[in-house]
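The primary structure of each chain is shown beneath.
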Amino acid sequence: HEFCSARLNQLKQYFSNEFNIQTKFQLIGSGSKKLVTQNNNLPFDLDYNFEILNRSIKQLDMKKLKICVINFLNSVVYEKYEYYKKCQDSTSAITIRKVVNGNLEFSFDIAILAKSSKGNYCRLIHDKQLEKYDWNPIPESKEIFERLKELKSDGYWKDIKELYLNKKNMYLKRNEKRCSF
């Protein structure tokens, strides 16, 4: 986690200094809740959101934004650390992989987000078949962190963690790839 956070802090500074764009990054999913699951010694991944704060989605050139993030991360990871590969541009995230002796050891994914005018989060999507970039709204995401705090304060966090781990472990045993959200 420290390695990823250090690189994302560099990315945050770069955007602030070069473009006057304020951003924040956040470890999300199982990593943020200390609920990382792993099959034996197989690789695991961490997921991050990289959120644009002081620009509306209409002000952002989506293609330039994603390419800029990829190029910067390649310069501070791939070009400086022996086992890290070039960033992979997937549909909804940027993946950085650590491969040692031909084996994937670890990876982390970075999704680029911004808020719509209605307050819901939108994820930057790259449809490679159409070579099109778009903001994909995340349904019912407005005030999601406030709703989570409320569930925690009402005493439901232990139940949520238990349900999450049971489902995640069930999918791992079945070797099914499922979205943790």
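See the structure above.
All values derive from a computational prediction rather than experimental measurement.

Draft legend 1. Main features of the overall build of the chain. For the chain, the count of helices and strands is five helices and seven strands. Start at the N end of the chain and walk to the C end: the helices and strands fall as α-β-α-β-α-β-β-β-β-β-α-α. In the chain, which comprises 181 residues, the proportion classed as buried is 34%. Across the chain, the fraction of contacts at a sequence separation of at least 24, relative to all contacts at a separation of at least 6, is 52%. Per element, the accessible surface of the chain, about 11,700 Å² overall, is 47% carbon and sulfur.

Draft legend 2. Representation of the packing of aromatic side chains in the model. Summed over all chains, the structure comprises 11 aromatic pairs. Plain terms: the ring middles of Y14 and F19 are 5.5 Å apart, the flat faces sit at 90 degrees to each other, and that makes the pair edge-to-face. For F19, a relative accessible area of 36% translates into the label partly exposed. Linked through ring pairs, Y14, F15, F19, F50 and F72 together constitute an aromatic cluster. The ring of W157 carries K152 above its face, with NZ or CZ at 4.6 Å from the centroid.

Draft legend 3. Layout of the pairing of strand β4 (residues 94-100). Burial of β4 is extensive: five of the seven residues sit out of reach of the surface. Relative to β4, strand β3 (residues 88-89) is paired through two bridges, and the arrangement is antiparallel. What sits directly across from D89, in β4, is I94. Connecting β3 to the next strand, β4, in antiparallel fashion are four residues. Across seven bridges, the pairing between β4 and strand β5 (residues 103-115) is antiparallel. The residue of β5 that forms the bridge with T95 is D109. Counting the residues in the hairpin turn of β4 and β5 gives two residues, including N101, whose phi is positive at 50 degrees.

Draft legend 4. Examining the side chain of H126 more closely. In this fold, H126 is placed in strand β6 (residues 121-127). Within the local environment of H126, its side chain forms a polar contact with the side chain of E131, the two groups lying 3.3 Å apart. Each residue touching H126, except ones within four places of it in the same chain, is listed here: K66, D89, S90, T91, E131, K132 and Y133.

Parameters and conventions
Residues numbered from 1 in each chain as written. Predicted model: local features only at pLDDT ≥ 70, side-chain atom pairs only at ≥ 80, totals over all residues. Heavy atoms only, no water. Helix = DSSP H or I, 4+ residues; strand = E, 2+ residues; numbered from the N terminus. Buried < 20%, exposed > 50% of the residue type's maximum accessible area, 1.4 Å probe, protein only. Contact = heavy atoms within 4.5 Å. Areas by Shrake-Rupley, 256 points an atom, 1.4 Å probe, with all protein chains shown as cover. Phe/Tyr/Trp six-rings, centres within 6.5 Å; stacked < 30°, edge-to-face > 60°. Lys NZ or Arg CZ within 6 Å of the ring centre and 35° of its normal. Pairing = 2+ DSSP bridges. Polar contact = N/O pair within 3.5 Å; in protein donor to acceptor, adjacent residues only side chain to side chain.

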